[in-house]
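# Architecture at a glance
This is what each chain is made of:
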Amino acid sequence: MSDDHTHVQEFFTARAAAWDSKFPDDGPAYAAAVSEMGLDAGERVLDAGCGTGRALPSLRAAVGSSGTVIGADLTPAMLEAAAQAGRGQEGALLLADVTALPLRTESLDAVFAAGLIAHLPEPSENLRELARVVRPGGTLALFHPIGRAALAARQGRQLTPDDLRAEANLGPLLARSGWRMTSYVDEPGYFLALAVRES
């Protein structure tokens, strides 16, 4: 977890150009996660911390041409990579800090966030900001294309009891932030927690 946006930007700027080629097989997991959100045609969805925009095609397919898709990221180089990959055609690319979004309150139906929670400086407060921009009854998807244990092994670390993505920690964290967790899946090749925006 980082409390320094400069560090986050430096980390992702250095990796932006090669990001998609480093994880070439994640597409089906992204598509499966988006399908679990139950989005309808015409809905408005944000990909928070969109990176190179790998979720944008699936989000666009889910909401159709009448829907709104926004990909927001803090790192210009990631958005440039998204644009170069043609993903700006699937949704608007927005340079923005997801901890202080330039969006109206309750202006969205859903938020998709891949790998975001580990980079939030104040998770409870920052998840509350995501709740602010979503209508009551709207959906949050916290996704990662690899499960917690597999990710820890890839990074050469052990899972600890204070891991934010552990079910016992994530449910209460979401509840404090205006969300109610409705499902939780943590498998080797897939992590997805879904939550509903409380009224």
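See the structure shown above.
One structure accompanies this document, and this report is about it. (Residues numbered from 1 in each chain as written. Predicted model: local features only at pLDDT ≥ 70, side-chain atom pairs only at ≥ 80, totals over all residues. Heavy atoms only, no water.)

### A look at unusual backbone geometry
Within the chain, glutamate 106 stands out as a residue other than glycine whose phi angle is a positive 55°. Of note, glutamate 106 is situated in the loop between strand 3 (92-95) and strand 4 (108-114). (Helix = DSSP H or I, 4+ residues; strand = E, 2+ residues; numbered from the N terminus.)

### A few points about the packing of aromatic side chains
Per the counting criterion, the structure on display carries 5 aromatic pairs. Ring centres of phenylalanine 143 and tyrosine 190 lie 5.9 Å apart, and the angle between their planes is 65°; this geometry places the pair in the edge-to-face category. With phenylalanine 143 in strand 5 (residues 134-144) and tyrosine 190 in strand 7 (residues 190-197), this residue pair connects regions lying 47 residues apart in the sequence. By relative accessible area, phenylalanine 143 is classed as buried at 2%. Of the residues examined, tyrosine 190 reaches a relative accessible area of 13% and is grouped as buried. A centroid spacing of 5.4 Å and a plane angle of 90° characterise the contact between tyrosine 184 and phenylalanine 191, whose relative ring orientation is edge-to-face. The residues tyrosine 184 and phenylalanine 191 share a single accessibility class, namely buried. By way of ring pairs, the aromatic residues Tyr30, Phe112, Phe143 and Tyr190 are connected into one cluster. The aromatic ring of phenylalanine 191 is capped on one face by arginine 165, whose charged end is 4.5 Å from the ring centroid. (Phe/Tyr/Trp six-rings, centres within 6.5 Å; stacked < 30°, edge-to-face > 60°. Buried < 20%, exposed > 50% of the residue type's maximum accessible area, 1.4 Å probe, protein only. Lys NZ or Arg CZ within 6 Å of the ring centre and 35° of its normal.)

### Here we look at the sheet that holds strand 7
An order of 3-2-1-4-5-7-6 is seen for the 7 strands of this open sheet, with the pairing classed as mixed. The open sheet has two edge strands with one neighbour each: strand 3 and strand 6 (179-187). Strand-to-strand twist across the sheet, computed as the mean angle between neighbouring axes with direction ignored, equals 15°. The pairing of strand 5 with strand 7 spans 6 bridges and is classified as antiparallel. (Pairing = 2+ DSSP bridges. Axes fitted to C-alpha atoms, helices over the stretch in contact; angles between N-to-C directions.)

### Here we look at the nonpolar core
Judged by nonpolar contacts, the single largest core of 29 residues is most densely connected at Leu46, Leu127, Leu130, Leu140, Leu142, Leu170 and Trp179. For this core, the elements supplying multiple residues, two or more each, are strand 1 (44-48), strand 2 (68-73), strand 4, helix 6 (123-132), strand 5, helix 8 (167-176), strand 6 and strand 7. Excluding anything up to four places from it in sequence, leucine 142 contacts Ala113, Ile117, Leu127, Leu170, Leu174, Phe191, Leu192 and Ala193. The next biggest cluster of nonpolar side chains, apart from the first, holds 20 residues, and it includes Val34, Phe112, Leu192 and Leu194. (Core = buried A, V, L, I, M, F, W, Y, C linked by side-chain atoms within 4.5 Å. Contact = heavy atoms within 4.5 Å.)

### Concerning the packing of helix 3 (residues 27-36) against helix 4 (residues 56-63)
Relative orientation of the contacting elements helix 3 and helix 4 amounts to 35°, with a least axis distance of 9 Å. Of the two possible hands of crossing, helix 3 and helix 4 adopt the one that is right-handed. Between helix 3 and helix 4, the contacting residues are Tyr30, Ala31 and Val34 on the first element and Ser58, Leu59 and Ala62 on the second. In the contact of helix 3 with helix 4, the residues fall into 5 nonpolar, 1 polar and no charged. (Left-handed = near helix turned anticlockwise from the far one by under 90°. Nonpolar A, V, L, I, M, F, W, Y, C, P; charged D, E, K, R; others polar.)

### Considerations on the pattern of salt bridges
Counted according to the given criterion, the structure contains 8 salt bridges. Here arginine 54 makes a salt bridge to aspartate 26, at a shortest N to O gap of 2.9 Å. Residue arginine 54 is found in the loop between strand 1 and helix 4, and its partner aspartate 26 is found in the loop between helix 2 (19-22) and helix 3; the two are separated by 28 residues along the sequence. For aspartate 26, a relative accessible area of 13% puts it in the buried group. Between arginine 148 and aspartate 163 there is a salt bridge whose closest N-O contact spans 2.6 Å. Within this pair, whereas arginine 148 is found in helix 7 (residues 148-154), its partner aspartate 163 is found in the loop between helix 7 and helix 8, the two being separated by 15 residues in sequence. The buried category is assigned to arginine 148, whose relative accessible area is 15%. (Salt bridge = Lys/Arg side-chain N within 4 Å of Asp/Glu carboxyl O.)

It is worth stressing that arrangement in space is one thing and function is another; only the former is reported here.
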